[in-house]
Amino acid sequence: DWTLLDSDRFDKLFLGLYASDDVLRTGTAAVVEQIARKRPGLLVVHIEELVDTVCCDSLPVVRAHVAMMLGHLAPYEHVMPLVVPALLEMLGDVSESVQCQALASLATIGGNYPNWRSQIVSSIAPLRFHTSTVVRSCAEQAVRLLSDSQSVASPDRNAGGDSGSV
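Summary of the structure given here. Everything quoted here is computed from the prediction, not taken from an experiment.

Here we come to helix 2 (residues 22–38). With 17 residues, helix 2 extends 25 Å from end C-alpha to end C-alpha; this agrees with the ideal 24 Å at 1.5 Å per step. Within helix 2, the full set of buried residues consists of Arg25, Thr28, Ala29, Val32, Glu33, Ile35 and Ala36. Projected down its long axis, helix 2 shows its buried positions confined to an angular sector of 165 degrees, all on one face. For helix 2, the exposed residues lying more than 90 degrees away from the buried face are Val23 and Lys38. Buried residues in helix 2 make contact with helix 1 (7–14), helix 3 (41–44) and helix 5 (60–72). Taking the backbone nitrogen of Val23 as reference, a side-chain oxygen 3.1 Å away marks Asp21 as the first, capping residue of helix 2.

Before going further, it helps to spend a moment on the packing of aromatic side chains. All told, the structure shown has two aromatic pairs when counted by the stated rule. Taking the centre distance of 6.4 Å and the plane angle of 65 degrees together, the rings of Phe14 and Tyr18 count as edge-to-face. Since its relative accessible area comes to 0%, Phe14 is described here as buried. Residue Tyr18 is classed as partly exposed on the basis of its relative accessible area of 37%. Members of the aromatic cluster, joined through ring pairs, are Phe10, Phe14 and Tyr18.

The rules behind each value
Residues numbered from 1 in each chain as written. Predicted model: local features only at pLDDT ≥ 70, side-chain atom pairs only at ≥ 80, totals over all residues. Heavy atoms only, no water. Helix = DSSP H or I, 4+ residues; strand = E, 2+ residues; numbered from the N terminus. Expected span 1.5 Å × (residues − 1). Buried < 20%, exposed > 50% of the residue type's maximum accessible area, 1.4 Å probe, protein only. Arc of directions from axis to C-beta. Contact = heavy atoms within 4.5 Å. Polar contact = N/O pair within 3.5 Å; in protein donor to acceptor, adjacent residues only side chain to side chain. Phe/Tyr/Trp six-rings, centres within 6.5 Å; stacked < 30°, edge-to-face > 60°.

Here is the structure:
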């Protein structure tokens, strides 16, 4: 059961994100992201590594998992100054999957933190006119969610509850 994983084991697993083998790195990213859904606090100590190194991985699938991981950190307001700029940068990724995962994570964060909402909306609004239908759709949904409601997450989200994506 991944929810019983202690921080030492998680830290060792996290090192797999630096493996030279693409398959191992991809699998590790998927597992770390799954664990982060239930235990996002395990990622907090790795935030600088996520935004400085891992989000620049050569594989789009790894970068997409990182975008999801960053969204799972929404309950931790103190890391938002690192998370939001990294996700905003990921909006310019060449991969549509990475862009859409970054949009979903930004929508979650913007729903939780009104102080970030206007910057997030102004950054994602132009993507409603993206050449990709998928990115346009994701951007339209994110803007609509942030414009129509005060929060896209459950009320216990800021108290460190589970974090999901939009």
